[in-house]
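Listed below are the residues making up each chain.
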Amino acid sequence: GGYPGAPGAPQGYPSGPNNVHPNSGYPAPGGYPTSGGAPGGYPAPASGYAYPAAAPPPAQGGYQFVTPGGYPPQPGPGAQGHPGAAPPAAYGAPPGMYTGQTSSYGAPTAPPTLLAAGASPPSHKQEECTGTVHKTPNFDAESDCRVLKKAMKGWGTDENSLIAILGDRTTDELQVLKKMYKTMHGKDLEKELMSELSGDLKYTVKLLMMSRAERDSYCLSKAMAGLGTDEMVLIEILTSRSNQEIEAISSVFEKHNKRSLEAALRSETSATFKKLLTALCQGNRNESAKVDLAKASLDAQTLKKSGEDKWGTDESEFILILCTRSLPQLKATFLEYQRNSKHRSMVDAIESEFSGDLRRGLKAIVEIAMDKQAYFAHRLYRSMKGLGTDDKTLARLVTTRYDVDMVQIKQRFHQKYNQSLGQFIHDDTSGDYRKLLLKLVGGVQTF
């Protein structure tokens, strides 16, 4: 039951001002930077994801643009081209969507709005992401543990009482409960829960009770266990986590698997897809919020020369740029690329130039750079679309995002599919498993 941490090692990600316990963080030199996002969530990414139309961004903020010698002169009245002038305050179509885009995630259905020659890219604002479960006011771990113990005492299990507590506590708070439960009752809370539950509910609670690093490490390990490999799990986790998160995941993975994450990835994958995952697991992405327009233009030219202008494709240049540039820098690069390309978007270019798992991995990076929460909304939709439900993917996505950015994921989901995420979950799941998932995402109709 559960996925235990190494003996004596603190669990979870680093504590910040919103954490509920001083020892609940994952150790790292100097600690992790505090987050302005959801309590108990991953640190807010350095990149800025655009606001949905229903939630306008704040009036101030946004990326700082770096252009040696100032912005180039631009024709027309009111040009913002002289040195020291502020970049335009708004740009183009609604955030995360190109003009004319109505379907087919990641690919516009009509030519997108492009940058004018010499113009600054959009002034992207950093969206403060929040989870659907927040830090509990007056959190009382002793009281929670008494409720949990009572729910599992005697013949039968009171699943409703378990769900009421477990589905309304952040990841960091659940780590505190694990310690308090053992202090009060001398037993491992995870093992107790695993002995009382079954099926998809058991699996979801198992993931829920892990620290963030443990959960990601466990999912990566399972994706590479036995015959075959679930490449989409590898892609989803490694393309969407920060450098510090990848470092923490790698540390936990090695403790539990007796080999490094890189060694495991290299043994389970091949060819250029192996190169992509090896690059991603280094955690070597620039995480600055600044956008260098000159560099974006040069990188766009390099990608074009390495792909559509070349007989064959130079995969190494794509991997280098997409695995090391910051997400806001990549977004500016992709906009510059499509301004000078025959392709309508970078996703189109990757679809044309690559195939197989490498194509899926590179597309994921592009989609995350353009709108991270839209990427997760799409993954959730795919887990429930069509006949049957991919419950492991659904449980993984909900438990990894519920206290990080689920509010924004739900907004993107409703904008894209015209139905609430909760309603999708309600229609595709049942029983106590459904109750827990709905508790974690904030109910059926909210979006």
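What counts, and where the lines are drawn
- In this convention, every chain numbers its residues from 1, walking through the sequence in written order.
- In keeping with the predicted nature of the model, local features appear solely for residues at pLDDT of at least 70, side-chain atom pairs appear and are counted solely at 80 or more, and the whole-chain, interface and lining totals rest on all residues.
- Side-chain metrics rest on all non-hydrogen atoms present in the structure, leaving aside hydrogens and water.
- Every helix listed is a DSSP run of H or I at least four residues long, and every strand listed is a run of E at least two residues long, numbered separately from the N terminus.
- Per-residue accessibility, obtained with a 1.4 Å probe over protein chains only, is compared with the maximum for each type, and a residue is labelled buried under 20%, exposed over 50%, and partly exposed between these values.
- Only heavy atoms enter the contact rule, under which two residues are in contact if any of them lie within 4.5 Å.
- In this description, accessible areas are obtained by the Shrake-Rupley approach with a 1.4 Å probe, and a residue is regarded as covered only by the protein chains that are shown.
- Each aromatic pair joins two rings of Phe, Tyr and Trp (for Trp, the six-membered one) with centres within 6.5 Å, and gets the label stacked for planes under 30 degrees apart, edge-to-face for over 60, and tilted for any other angle.
- Two conditions define a charge located above a ring, namely a distance within 6 Å from the ring centre to NZ of Lys or CZ of Arg, and an angle within 35 degrees of the ring normal.
- For our purposes a nonpolar core is just a set of buried Ala, Val, Leu, Ile, Met, Phe, Trp, Tyr and Cys residues, chained together by side-chain atoms within 4.5 Å.
- The rule for a disulfide is simple: a pair of cysteine sulfur atoms within 2.5 Å.
- What pLDDT reports is the predictor's confidence in each residue, on a scale of 0 through 100.
- Any carboxyl oxygen of Asp or Glu that lies within 4 Å of a side-chain nitrogen of Lys or Arg is treated as forming a salt bridge with it.
- Lines are fitted to the C-alpha atoms to define the axes, a helix being fitted only along its stretch in contact, and any angle between axes, read from their N-to-C directions, falls within 0 to 180 degrees.
- Orientation labels follow simple angle bins: below 35 degrees gives roughly parallel, above 145 gives roughly antiparallel, 65 to 115 gives roughly perpendicular, and whatever is left gives oblique.
- For a crossing to be left-handed, the near helix must be turned anticlockwise from the far one by less than a right angle; the clockwise case is right-handed.
- In this classification, the charged set is Asp, Glu, Lys and Arg, the nonpolar set is Ala, Val, Leu, Ile, Met, Phe, Trp, Tyr, Cys and Pro, and all remaining amino acids, among them Gly, are polar.
- The definition of a polar contact used here is a pair of N or O atoms within 3.5 Å, where within protein one atom must be able to donate a hydrogen and the other to accept one, and adjacent residues in sequence count solely through side-chain atom pairs.

## A word on the overall build of the chain
Okay, step 1: Looking only at helices and strands, the chain features 19 helices and two strands.
Okay, step 2: Counting every position in the chain, which comprises 447 residues, the buried fraction comes to 52%.
Okay, step 3: Sequence-distant contacts, at least 24 apart, represent 71% of the contacts inside the chain between residues at least 6 apart.
Okay, step 4: When the accessible surface of the chain is split by element, carbon and sulfur atoms take 51% of a total near 19100 Å².

## So, the packing of aromatic side chains
Okay, step 1: Scanning all chains against the criterion turns up seven aromatic pairs.
Okay, step 2: Judged by centre distance (4.9 Å) and plane angle (75°), the rings of F318 and F354 are edge-to-face. Placement of F318 in helix α12 (residues 315-324) and of F354 in the loop between α14 (346-353) and α15 (356-384) is noted, with a sequence separation of 36 residues between them. Each of the two residues, F318 as well as F354, counts as buried.
Okay, step 3: Linked through ring pairs, Y381, F413, Y417 and F424 together constitute an aromatic cluster.
Okay, step 4: The ring of Y203 has K392 sitting right over it, with the charged end atom 4.7 Å from the ring centre.

## What to know about the nonpolar core
Side chains that are nonpolar tend, in soluble globular proteins, to be buried together.
Okay, step 1: One finds L193, V205, L261, L276, L322 and M346 to be the most contacted residues of the largest nonpolar core, which totals 94 residues.
Okay, step 2: Broken down by element, this core gets its largest block of residues, 14 residues, from α15.
Okay, step 3: Leaving out residues up to four positions away in the same chain, V205 has contacts with L166, L193, M194, L197 and L436.

## Thoughts on the environment of I321
Okay, step 1: Relative to the elements of secondary structure, I321 occurs in helix α12.
Okay, step 2: Spatially, the C-alpha atom of I321 lies 8.4 Å from that of L303, the residues being 18 residues apart in sequence.
Okay, step 3: Those residues in contact with I321, other than ones at most four positions away along the chain, are D299, T302, L303 and L330.

## Things to note about the state of the cysteines
Okay, step 1: Summed over all chains, the structure comprises zero disulfides.
Okay, step 2: Free of any disulfide, C281 has its nearest cysteine sulfur in C323, 9.9 Å distant.
Okay, step 3: Given a relative accessible area of 9%, C281 falls into the buried group.

## Focus: the confidence of the model for the chain
Okay, step 1: Considering every residue of the chain, the mean pLDDT works out to 80; 71% of them sit at 70 or more.
Okay, step 2: This stretch, residues 1-124, has a pLDDT under 50; its non-local contacts, to residues over four places away or in other chains, come to 278 contacts.

## Thoughts on the pattern of salt bridges
Okay, step 1: For the coordinates displayed, the defined rule picks out 18 salt bridges.
Okay, step 2: Where K149 meets E192, a salt bridge forms, and the shortest distance between an N and an O atom there is 3.6 Å. Residue K149 is found in helix α1 (residues 141-151), and its partner E192 is found in helix α4 (residues 189-196); the two are separated by 43 residues along the sequence.
Okay, step 3: For K149, a relative accessible area of 21% translates into the label partly exposed.
Okay, step 4: The class of E192 is buried, set by a relative accessible area of 19%.
Okay, step 5: A salt bridge links E190 to K178; the shortest N-O distance between them is 3.1 Å.

## Observations regarding the packing of α15 against helix α16 (residues 391-401)
Okay, step 1: Direction vectors running N to C along α15 and α16 enclose 150°, while the axes themselves pass 9 Å from each other. Considered as vectors, α15 and α16 are oriented roughly antiparallel to each other. Viewed along their axes, α15 and α16 form a crossing whose handedness is left-handed. The residues of α16 that touch α15, namely those facing K372, F376, R379, L380, S383 and M384, are T393, L394, R396, L397, V398 and R401.
Okay, step 2: Of the residues in the contact of α15 with α16, the class split is six nonpolar, two polar and four charged.

## Describing the side chain of Q175
Okay, step 1: Mapped onto the fold, Q175 is located in helix α3 (residues 171-185).
Okay, step 2: Looking at Q175, its side chain comes within polar contact range of the side chain of K178, at 3.0 Å.

## Quick notes on the packing of helix α5 (residues 199-208) against helix α19 (residues 431-441)
Okay, step 1: It is the contact of α5 with α19, at a shortest axis distance of 8 Å, that shows an interaxial angle of 35°. As for the relative orientation of α5 and α19, their crossing is left-handed in sense. Counting all contacts with α5, which are made through D200, L201, T204, V205 and L208, the residues of α19 involved are D432, Y433, L436, L437 and L440.
Okay, step 2: Across the contact of α5 with α19, the residue classes break down as seven nonpolar, one polar and two charged.

## Some remarks on the environment of G443
Okay, step 1: Assignment of secondary structure puts G443 in the segment after α19.
Okay, step 2: It is 8.9 Å that separates the C-alpha atoms of G443 and L421, two residues lying 22 residues apart in sequence.
Okay, step 3: The residues contacting G443, other than those within four sequence positions of it, are G422 and L438.

## Topic: the environment of L440
Okay, step 1: Mapped onto the fold, L440 is located in helix α19.
Okay, step 2: It is 9.4 Å that separates the C-alpha atoms of L440 and R401, two residues lying 39 residues apart in sequence.
Okay, step 3: Ignoring sequence-local partners within four residues, the contact set of L440 consists of T132, V133, L166, G167, L208, V398, T399 and Y402.

## Description of α14
An α-helical turn contains 3.6 residues, so any two residues separated by three or four positions project in the same direction.
Okay, step 1: Within α14, burial applies to M346, V347, D348, A349 and I350.
Okay, step 2: Those residues of α14 that are buried lie in contact with α11 (293-306), α12, α13 (327-339) and α15.

## Observations regarding α19
Okay, step 1: Every buried residue belonging to α19 is among Y433, L436, L437, L438, L440 and V441, and all of these are buried.
Okay, step 2: Residues of α19 that are buried sit in contact with α2 (159-166), α5, α16, α17 (406-417) and α18 (421-428).
Okay, step 3: Of the residues one or two after α19, G442 is the one with positive phi, at around 90°.

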